[in-house]
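Understanding the architecture of this molecule
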Amino acid sequence: MSYVSDSSSLNKALRQQYLSLPQGHFCQVTYVWIDGSGEGLRSKTRTMDSEPKSITDLTEWNFDGSSTGQSEGRNSDMLLIPVCMFRDPFLLDPNKLVLCEVLKHTREPAESNHRNSCNKVMEKVKNLHPWFGMEQEYTLFGVDGHPYGWPRLGFPKPQGPYYCSVGADRAFGRDIVECHYKACLYAGIKISGTNAEVMPSQWEFQVGPCEGIEMGDHLWMARFLLHRVCEDFGVVATLDPKPMTGDWNGAGCHINVSTEQMREEGGIEHIEKAIEKLGKQHAEHIQVYDPRGGEDNKRRLTGRHETASIHDFSAGVANRGASVRIPRQVGQEKRGYFEDRRPAANCDPYAVTCAMARTCMVEEEEDVHDLE
């Protein structure tokens, strides 16, 4: 069995005694933000005199950016700008979790703040009512870096029996998965499902459909909850796109995309047009589909293990080996959505949805506007 953290063995019943103490009219508000790596999440908590009812009730805050890879020590203050508020499933009502954008002291977006530019693009295409859904794959590890539930020596049985599996010899870490699911529902995150994935100790949850900027907001907070739940269990969730070398599946974050035109009768025409545009911008999209300009995806998009080659663009109906898949039902009904299977598990959903909107929707929105 993989090694779990010492903190997970602390007396949780004793902890509950303190968490259940009344807190009067005060409210604990935890500010959450993306750090300088573009992958890591940070948080800190403050007391408010009353429960905030909306994002407008929350004030800006600051933090030491030199400790998060976002500024130099000689000018380290960075600004936290609240953008989306959720219920806190750990401290419970009336306490809140708040996702924040990070600004420099000049009030310009930090380099890892892709939400700012994404929101501007989403405003341009809002008349198309773009819906997104993202399928977040992740892998559970012990704090010793060993896949959770894998044999200490050797490897588990080859892939095959683990996808959507049940049983102690096939599904590792279901407690974490189910606690995370409940935490997301309590928080108000638009989580739509979960399942065990192809590699043992690998799982997936889906968020969406979300419209516009909401996609990135909800997926980032869902990731925060995942790491926070894993912390309680003493286990690590990694979003590495290829956590284990060899004949094992990688981890992606497939994105499902739909506009109002695609959802209407005959929408397949707009789906095919969008896919054609994606093919022409393949290299540009690969650069934003992981935090390292495609370097992480090189390990994953090999043309094997339900992926297309990183060097080629392909599309097909019900083809999980293609870059972009049109679901079978969509092909039959001639309307709906398409799935881009290229984004890596550690992608920034703001960067991915922004690129998708720029490539597939900006021109379409301008055409719609001209007709109005």
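To keep things clear, this report deals only with the structure shown in the data block. A quick note: this is a predicted structure, and the numbers were derived from the prediction, not measured.

The next subject is the overall build of the chain. Within the chain, the secondary structure is distributed over 11 helices and 13 strands. A globule of 372 residues ought to have a C-alpha radius of gyration of about 21 Å, and the chain, at 21 Å, matches this closely. Seen along its three principal axes, the alpha-carbon backbone of the chain occupies a region of about 60 × 55 × 40 Å. Here the chain holds 372 residues, and the buried ones make up 52% of them. Sequence separation of 24 or more characterises 67% of the internal contacts of the chain that already satisfy a separation of 6 or more.

Pairing is mixed in the open sheet, where five strands are placed in the order S2-S1-S5-S4-S3. Both outer strands of the open sheet, strand S2 (41-48) and strand S3 (61-64), are each paired with one neighbouring strand and no more. Each strand axis lies, on average, 40 degrees off the axis of its neighbour in the sheet, ignoring direction. Together, strand S1 (27-34), S2, strand S4 (77-87) and strand S5 (96-103) form the strand contacts of helix H4 (residues 214-233), whose direction differs from that of S5 by roughly 120 degrees.

One pass over the structure, following the stated rule, counts six aromatic pairs. Aromatic pair tryptophan 150 and tryptophan 248: ring centres 4.8 Å apart, planes at 45 degrees, arrangement tilted. Highlighted residues: tryptophan 150 in the loop between strand S6 (131-141) and helix H3 (174-187) and tryptophan 248 in the loop between strand S9 (236-238) and strand S10 (253-258), separated in sequence by 98 residues. Look at tryptophan 150 and you get buried, because its relative accessible area is 2%.

Moving on, we get to the packing of helix H2 (residues 115-124) against helix H10 (residues 349-360). It is the contact of H2 with H10, at a shortest axis distance of 9 Å, that shows an interaxial angle of 30 degrees. With respect to H10, the axis of H2 lies roughly parallel. Classified by chirality, the crossing of H10 by H2 is left-handed. On the side of H2, the interface is formed by Arg115, Ser117, Cys118, Val121 and Met122, while H10 contributes Tyr350, Thr353, Cys354, Ala357 and Arg358.

As a further point, take a nonpolar patch on the surface. A surface patch of nonpolar side chains, amounting to about 240 Å² of accessible area, comprises Tyr3, Val143 and Val236. Among the structural elements, valine 236 can be located in strand S9. The class of valine 236 is partly exposed, set by a relative accessible area of 35%.

Now for the pattern of salt bridges. Per the stated rule, a full pass over the model turns up 23 salt bridges. Glutamate 51 is paired through a salt bridge with lysine 96; the nearest N and O atoms lie 3.0 Å apart. Placement of the pair is glutamate 51 in the loop between S2 and S3 and lysine 96 in strand S5, with a sequence separation of 45 residues. Lysine 96 sits in the buried class, given a relative accessible area of 8%. The structure contains a network of salt bridges with shared partners spanning Glu39, Asp240, Arg292, Asp296 and Arg299.

Generally speaking, nonpolar side chains in soluble globular proteins are found buried as a group. Judged by nonpolar contacts, the single largest core of 71 residues is most densely connected at Tyr138, Leu140, Leu225, Phe338 and Met356. Ranked by residue count, the leading element in this core is H4, at 10 residues. Counting residues in hydrophobic clusters, the runner-up holds 14 residues, among them Cys27, Tyr31, Met48 and Met78.

Definitions and cut-offs
Once a new chain begins, its residue numbering starts again from 1 and follows that chain's sequence as written. Two thresholds apply to this predicted model, a pLDDT of at least 70 for residue-level local features and 80 or more for giving and counting side-chain atom pairs, whereas whole-chain, interface and lining totals are computed over all residues. For side-chain calculations, the full set of non-hydrogen atoms in the structure is used, while hydrogens and water are omitted. The secondary structure listing takes helices from DSSP runs of H or I that are at least 4 residues long and strands from runs of E that are at least 2 residues long, numbered from the N terminus. Values of the radius of gyration come from C-alpha atoms, whereas the globule rule sets the reference at 2.2 Å times the count of residues to the power 0.38. Burial here depends on accessible area, computed with a 1.4 Å probe over protein chains only, as a share of the maximum for the residue type. Under 20% is buried, over 50% is exposed, and the range in between is partly exposed. Should any heavy atoms of two residues lie within 4.5 Å, those residues are considered in contact. Think of it this way: DSSP has to see at least two bridges between two strands before they count as a pair. To get an axis, fit a line to the C-alpha atoms, keeping to the stretch in contact for a helix; angles then go from 0 to 180 degrees between the N-to-C directions. Pairing of aromatic rings covers Phe, Tyr and Trp, the last counted by its six-membered ring, and requires centre-to-centre distances within 6.5 Å; plane angles under 30 degrees mean stacked, over 60 mean edge-to-face, and any other angle means tilted. Put simply, angles under 35 degrees are roughly parallel, angles over 145 are roughly antiparallel, angles from 65 to 115 are roughly perpendicular, and the rest are oblique. Crossing handedness is defined as follows: a turn of the near helix away from the far one that is anticlockwise and smaller than a right angle gives a left-handed crossing, while the clockwise case is right-handed. Residues with no salt bridge and a relative accessible area higher than 30% make up the patches, which join like charges within 9 Å and nonpolar side chains (Val, Leu, Ile, Met, Phe, Trp, Tyr) within 5 Å. What sets the accessible areas is the Shrake-Rupley method with a 1.4 Å probe; for residues, cover comes only from the shown protein chains. Salt bridges, as used here, are contacts in which a Lys or Arg side-chain nitrogen is within 4 Å of a carboxyl oxygen on Asp or Glu. Take the buried Ala, Val, Leu, Ile, Met, Phe, Trp, Tyr and Cys residues and link them wherever side-chain atoms come within 4.5 Å; each set so joined is a nonpolar core.

By themselves these figures say nothing about function.
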